[in-house]
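# Residue-level structure breakdown
Listed below, chain by chain, are the residues.
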Amino acid sequence: MRRHDLAYLYPTANYQLLSPMRSPAAHAALQRWLQARQPLVVARQPAGAGAQILLGLTLPPGTEPRRISVSVNPDAICAIASPLTLAHCVNTCTAAVAEPLKRLLQQCESHDIVVSVYGSLAWEMLSGTTYRHSGSDIDLICDIARTPQLAPCIEALQQAQQALPCSLDGEIRFAGGPAVNWKELSRTLLQPALPVVAKDNASVALLCLTDLLSRLKEHDHVC
């Protein structure tokens, strides 16, 4: 189970609402979501969480509260799924957004790079309810496992950003789990000794880009 994965709870699962959204409105919204058998998103799991699993939900604009965080026992989860793929979501976007994303997808697929979606586009697909407006960001996760995938991935993201009418955000996730914001990563490539903010399933840390690249090289050798 990784950050951004989709966690499906049993409709009658016990959960604990986390502050500051411990309110009847949050409870009612979460109940409706669970009864519709919609998933929550796996959050980063801090060391103090123990056996509890932290999950999150973002509701449509105009809903209060918009963001709900809960903790559950592992036995409350009936299924875990990977994030929605970009291929699954791209055709719901306007042509101005979809065309650059389709080119990005083709470029990434040619290098065996898996591209997934999170954020408002993912929530919109899951709920069937409008979350986005014309300037909404697109949030992607690009999973890479080998060194030769990194440069084509960044190039595809840069080209898509230049063509999109909105911001293209998200992460490149390295083999072994750490993920780095793709824009920060692209800025650091020319100075690989500099640290970048790397997020994994349980922590956030400053890591030198050389350390992350070494993980890919180790995986290259295994492959």
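Now for a look at the structure at hand.

In this fold, T129 is placed in the loop between α4 (120-127) and β8 (138-143). Looking at T129, the relative accessible area reads 34%, which means it is partly exposed. Each C-alpha atom, one on T129 and one on P60, is 7.0 Å from the other, the two residues being 69 residues apart in sequence.

Attention shifts here to a nonpolar patch on the surface. Taken together, the side chains of V197, V204 and L206 present a nonpolar region at the surface, about 260 Å² in accessible area. Summarising the element assignment, L206 is placed in strand β12 (residues 204-208).

Right, let's talk about the sheet that holds strand β1 (residues 6-9) for a bit. The strand order across the open sheet formed by 6 strands is β2-β5-β4-β3-β1-β6, and the pairing between neighbours is antiparallel. The sheet is open, and its two edges are formed by β2 (16-17) and β6 (77-81), each paired on a single side. In this structure, β2 lies alongside strand β5 (residues 67-72), joined through 2 bridges in antiparallel fashion. Among the inter-strand pairings, L17 is bridged to a residue of β5, identified as V70. Against the sheet, helix α1 (residues 24-35) contacts β1, β2, β3 (40-42), β4 (53-58) and β5, and its axis sits at roughly 75 degrees relative to β5. Across the sheet, α4 touches β1, β3 and β4, and the angle it forms with β4 is around 85 degrees.

How each quantity is defined
- Residues numbered from 1 in each chain as written.
- Predicted model: local features only at pLDDT ≥ 70, side-chain atom pairs only at ≥ 80, totals over all residues.
- Heavy atoms only, no water.
- Helix = DSSP H or I, 4+ residues; strand = E, 2+ residues; numbered from the N terminus.
- Buried < 20%, exposed > 50% of the residue type's maximum accessible area, 1.4 Å probe, protein only.
- Patch = residues over 30% accessible without salt bridge, like charges linked within 9 Å, V, L, I, M, F, W, Y side chains within 5 Å.
- Areas by Shrake-Rupley, 256 points an atom, 1.4 Å probe, with all protein chains shown as cover.
- Salt bridge = Lys/Arg side-chain N within 4 Å of Asp/Glu carboxyl O.
- Pairing = 2+ DSSP bridges.
- Contact = heavy atoms within 4.5 Å.
- Axes fitted to C-alpha atoms, helices over the stretch in contact; angles between N-to-C directions.

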